[in-house]
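Each chain, written out:
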Amino acid sequence: VTFDQGMLEGLPTMPNTWSRCFDKNGNGSIDPHGECHGDYELELALPQELAGSTPFAWVSVNWNPMGHMPPAPPVWAVPHYDFHFYIMPREAVRQIRPGPCAELIDCDDFVRAQVPVPAQYVHADHIDVGAAVNDMGNHLIDSKSPELAPGGPAFTHSFIFGAYDGRITFYEPMITLAYLQSRPDTCVPIKQPQAFATEGYYPTSYCIRYLPDGRYTVSLEDFVHRTAG
């Protein structure tokens, strides 16, 4: 994903009242605090040249002006972007309904979101904390992320695997606005599972870069061909 400085300026500072919301108390209105994720989403199609070579199908960029609500770790309640590289088709993701469970997901869909991914298909450090969201899926967080340790450093970026119905559904670098504004140039290894459910080219690192021409890139890189097994 490539963008310029404009994507970091003039951003909404409050969640909206239409994105991933549910009227939990049934009063006929949406409270942006507790009844709405309120993220601002941009959907991007992948270039046709990639069709069939990787498992990824599309990308969403999500701006979270106040970070994530519980059960997400409190350190993630800061302004940040989520870059979702989806394996699950867009039409299927739309079927994950809003509701009162977990992070505003339909309770039956929450059960499906928590079906465990077979151990060989996800790194052991990535765990289920019940962070399932409508129109997204479950988020398996890296339990060893430095900011989650007692007395750890401030949150700058972290990597999440999405899951639904026992399958990995997206790869997600999560990056704070402050870190992007620092003009970083870094690449981080992606913790690899023992096996892959679908054959294709998969990334082994993610990178966050500020380029000399003033653009930024957030990318999955160092792809390796994996067989299914």
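For the structure itself, look to the data block above.
Residues numbered from 1 in each chain as written. Predicted model: local features only at pLDDT ≥ 70, side-chain atom pairs only at ≥ 80, totals over all residues. Heavy atoms only, no water.

**Q** I'm lost on the side chain of R20 in this one. Help?
**A** Tracing the backbone shows R20 in the loop between β1 (2-3) and β2 (40-45). A distance of 3.3 Å separates the side chain of R20 from the side chain of E41, its partner in a polar contact. Ignoring sequence-local partners within four residues, the contact set of R20 consists of E35, C36, H37, D39, E41, N62, L104, V133, N134, D135 and M136. (Helix = DSSP H or I, 4+ residues; strand = E, 2+ residues; numbered from the N terminus. Polar contact = N/O pair within 3.5 Å; in protein donor to acceptor, adjacent residues only side chain to side chain. Contact = heavy atoms within 4.5 Å.)

**Q** Would you take a moment to explain the environment of R183 for this structure?
**A** Residue position: R183 is located in the loop between α3 (177-181) and β10 (185-189). Along the sequence, R183 and G214 sit 31 residues apart, while their C-alpha atoms lie 9.3 Å from each other.

**Q** I keep staring at the nonpolar core and nothing clicks. Help me out?
**A** Nonpolar side chains in soluble globular proteins tend to end up buried together. The biggest cluster of nonpolar side chains holds 29 residues, and the ones touching the most others in it are F83, F161, Y171, L180 and L220. When residues of this core are traced back to their parent elements, those giving at least two are β3 (58-64), β4 (80-86), β8 (157-164), β9 (167-176), α3, β12 (205-210) and β13 (216-221). If we ignore the near neighbours within four places in the chain, the residues touching F83 are V1, F3, M7, S60, V61, Y171, E172, P173, I175 and V218. The next biggest cluster of nonpolar side chains, apart from the first, holds 20 residues, and it includes Y86, I105, V133 and I141. (Core = buried A, V, L, I, M, F, W, Y, C linked by side-chain atoms within 4.5 Å. Buried < 20%, exposed > 50% of the residue type's maximum accessible area, 1.4 Å probe, protein only.)

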